[in-house]
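# Structural characterization, general
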Amino acid sequence: MRIGLDVSPLARNRAGVGTYIAHLLTALVRIAPDHDYWFYTPQPLPEKDRAAFGAHPHVRIVRCPTLLMGLRARWDQVDLFHGLNFKLRGWGRYGGIVTIYDLSVDRLGLPSRKLFGQRRSFLRTKRTALRASRVVTISERSAADIVELFGVPRERIAIVSPAVSPEFAPVAGSDTISAVKARYGISRGAYVLSGGGAEPRKNIAMLVEAFGRAPRLRDRMNLVVIGGMDHGADAIREAVGRAGLESAVIFPGHVPLDDLRALYAGCALFAFPSLYEGFGMPPLEAMACGAPVVCSNASSLPEAVGDAALLVDPRDPDGWAQAMTRVADDAALREDLRRRGALRAKAFSWEQSARDLLTVYQDLMKGKAA
C-alpha cells in the first residue's frame, strides 16, 4: 500500500498536533514496514525528523508546495492520502482521510484568531469532513462533536488516541526538583501546578479564584501556571489581584522538557480545570511523572483520566477549592492517586495508536476492493 501523508505540522511548532503526528508516524513506520509512505511537506522538516524518518527505506520525504500536494500525490500514485491536521489536500486511489482533533472554538464560541473568522473555517472543515472517506479523531467526545456539528455518520469516524511520550517519567533525586523550584522562584516549598497559560478554555482565572478560596493552600503553597501568557492574560492577572495572590502565583511561561518533568514530579498536585479538550494530555503526562491529579469533568477529560483523578465541574470554584485542599491534606489519597495515575498513563501506547490507524487504512482498502 502506498500512503501519502500531509505532515506539514512537523515543520512547525512541535506543541500539540506536531508532537502527536511525530510519535504516531514513528510508531506507524516501525510496525508496518511492508507499506510505502510519502511524507509531503511545504517546508523542510527538522534535521532530527529527516534523519529518523529518512533512515527507513519505505519512507520518502517530499518537499511540495501546499497547493500542489494533490497533483503530487496523483503523480506518486498513492493508494490513500491522509491530511493530518484538519485539511485534506490530496486524494488516493482508495480515498482520503482527514484528522480533526477537536472543535473547541466552535463548541465554546471562543474568539477566533483566524484571518477571515471562525465561521468560514468551520464551514471549510465541515466540507472536508463530509467529503473524506474517513475522519480520524482522538476521543469519543470529539467524535460525538463531529457527528453533532458536522453531520458526519459515526461509522465514518475512527478514534486514534494519543499516548504519553516516553520522556515523561518520575524524576529521580530531590536535588533536581529543588534546583528547578529555585530556578522558578517557588519559595513556599509545596506548590499546586497547572498548565495552559492564558488560553481562555484552560480556565486558569477560575483556578486562581479557587486557590484563593482555599486558606490552607493560599497561605502555605505557591500556584504555578506553566504556558504562554502573551494573549488573553488580563483576566488571569485580574483574578490574581482580586484574590490578593500576587506573592503566591507564579507564571514561568513555557519551560524546557526536563524542567517540566521535574515540576510535575515535585508538585503537591496537578490541577487541570479546562473547559474543553479533544483528549487532554497534560493530566496523563503529570500522572506519568508521579503527580496526583485533580481534573475537570468536562468534554473528553473523564475519558482520558478514567478513575485516576478527582473530577470537578470546571465552573465550580468552591468545588475546586475543596478538592485541592482534600488532596493536599490527605497523604493516603495522594498516594492512591499516584498509583492509579501511573497505571492510567500506561493504558495508552503509541504502538496501539499506530495499529488503530493502520486498521483505518486497511479497512478502506478492503472496502474499495470488495
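The sections below set out a description of the structure shown in this document. (Residues numbered from 1 in each chain as written. Predicted model: local features only at pLDDT ≥ 70, side-chain atom pairs only at ≥ 80, totals over all residues. Heavy atoms only, no water.)

It is worth spelling out the overall build of the protein chain at this point. Of regular secondary structure, the protein chain possesses 16 helices and 13 strands. Expressed as lengths along the three principal axes of its C-alpha atoms, the size of the protein chain is roughly 65 × 45 × 35 Å. Considering only contacts within the protein chain whose residues lie at least 6 apart along the sequence, 68% involve residues at least 24 apart. As displayed, the protein chain offers around 16,300 Å² of accessible surface, 51% of which is attributable to carbon and sulfur atoms. Across the protein chain, the mean location of the 49 positive side-chain charges is 6 Å away from that of the 38 negative side-chain charges. (Helix = DSSP H or I, 4+ residues; strand = E, 2+ residues; numbered from the N terminus. Contact = heavy atoms within 4.5 Å. Areas by Shrake-Rupley, 256 points an atom, 1.4 Å probe, with all protein chains shown as cover. Lys, Arg positive; Asp, Glu negative; His and termini not counted. Charge placed at Lys NZ, Arg CZ, Asp CG, Glu CD.)

Below, the discussion takes up helix H15 (residues 331-345). Here H15 spans 21 Å end to end across 15 residues, near enough to the 21 Å set by a 1.5 Å rise per residue. Residues Leu333, Arg334, Leu337, Gly341 and Ala345 constitute the buried set of H15. End-on view of H15: buried residues confined to an arc of 95°, all on one side of the axis. Across from the buried face of H15, at angles greater than 90 degrees, the exposed residues are Ala332 and Leu343. Regarding H15, its N-cap is Asp330, as a side-chain oxygen of that residue lies 3.1 Å from the backbone nitrogen of Ala332 further along. (Expected span 1.5 Å × (residues − 1). Buried < 20%, exposed > 50% of the residue type's maximum accessible area, 1.4 Å probe, protein only. Arc of directions from axis to C-beta. Polar contact = N/O pair within 3.5 Å; in protein donor to acceptor, adjacent residues only side chain to side chain.)

As a further point, take the packing of aromatic side chains. A complete count under the given rule lists 10 aromatic pairs for this structure. Ring plane angle 90° and centroid distance 5.3 Å describe the contact between Tyr20 and Tyr101, whose orientation is recorded as edge-to-face. On the criterion of sequence distance, the pair formed by Tyr20 in helix H1 (residues 17-31) and Tyr101 in the loop between strand S5 (96-99) and helix H4 (104-108) is long-range, its members being 81 residues apart. You'll find Tyr20 and Tyr101 in the same group, each marked buried. Aromatic side chains Phe122 and Phe150 sit 5.2 Å apart centroid to centroid with 55° between the ring planes, which places their arrangement in the tilted category. Placement of Phe122 in helix H5 (residues 118-131) and of Phe150 in helix H6 (residues 140-150) is noted, with a sequence separation of 28 residues between them. Phe150 matches Phe122 in its accessibility class, with the two residues each being buried. (Phe/Tyr/Trp six-rings, centres within 6.5 Å; stacked < 30°, edge-to-face > 60°.)

Ordered in space as S3-S2-S1-S4-S5-S6-S7, the 7 strands form an open sheet in which the pairing is parallel. At either end of the open sheet lies a strand with only one pairing partner, and these are strand S3 (59-63) and strand S7 (157-159). Adjacent strand axes in the sheet meet at a mean angle of 20°, parallel and antiparallel pairs treated alike. Where strand S4 (residues 80-83) lies against S5, 3 bridges are found, and the strand directions are parallel. (Pairing = 2+ DSSP bridges. Axes fitted to C-alpha atoms, helices over the stretch in contact; angles between N-to-C directions.)

Close contact between helix H7 (residues 174-183) and helix H11 (residues 257-266) brings their axes to 9 Å; oriented N to C, the two are set at 105°. In terms of their interaxial angle, H7 and H11 are classed as roughly perpendicular. Residue-level inspection shows Thr176, Ile177, Val180 and Arg183 of H7 in contact with H11, the latter providing Asp259, Ala262, Leu263, Ala265 and Gly266. When grouped by side-chain class, the residues that make up the contact of H7 with H11 number 5 nonpolar, 2 polar and 2 charged. (Parallel < 35°, antiparallel > 145°, perpendicular 65-115°, else oblique. Nonpolar A, V, L, I, M, F, W, Y, C, P; charged D, E, K, R; others polar.)

We now examine unusual backbone geometry. One non-glycine residue, Gln77, lies in positive phi territory at about 55°. Phi is positive for Ser299, which is not a glycine, with a value near 50°. Summarising the element assignment, Ser299 is placed in the loop between strand S12 (293-296) and helix H13 (301-305).

Turning to the pairing of strand S2 (residues 36-41), a few remarks are in order. In terms of burial, S2 is largely enclosed, as 5 of its 6 residues are buried. Sheet topology places strand S1 (residues 2-6) next to S2; 5 bridges connect them, and they run parallel. Bridge pairing in S2 links Ile3 to Tyr37. Bridge analysis of S2 against S3 gives 5 bridges, and the strand direction is parallel. In the sheet register, Phe39 faces S3, and the bridge partner there is Ile61. With helix H2 (residues 47-54) bridging S2 and the parallel S3, this β-α-β connection has right-handed handedness. (Right-handed = clockwise from strand over helix to strand, strands pointing away.)

Tracing the backbone through its elements, the reader meets His82 in strand S4. Contact partners of His82, with chain neighbours within four places excluded, come to Gly4, Leu5, Asp6, Ile97, Val98, Thr99, Leu357 and Tyr361.

With that settled, the discussion passes to the packing of helix H14 (residues 317-329) against H15. The contact between H14 and H15 brings their axes to 5 Å, and the two run at 95°. Judged by the inter-axis angle, H14 sits roughly perpendicular to H15. Across the interface between the two elements, Arg326, Val327, Ala328 and Asp329 from H14 touch Ala331, Leu333, Arg334 and Leu337 from H15. Looking at the contact of H14 with H15 residue by residue, the class counts come to 5 nonpolar, no polar and 3 charged.

A few words on the sheet that holds strand S11 (residues 269-272). With parallel pairing, 6 strands are arranged side by side in an open sheet as S10-S9-S8-S11-S12-S13. Single-partner strands in this sheet number two, and they are strand S10 (249-253) and strand S13 (310-312). Pairs of neighbouring strands in the sheet enclose a mean axial angle of 25°, with direction left out of account. Where S11 meets S12, 3 bridges bridge the pair, whose relative direction is parallel. Bridge pairing in S12 links Phe272 to Cys295.

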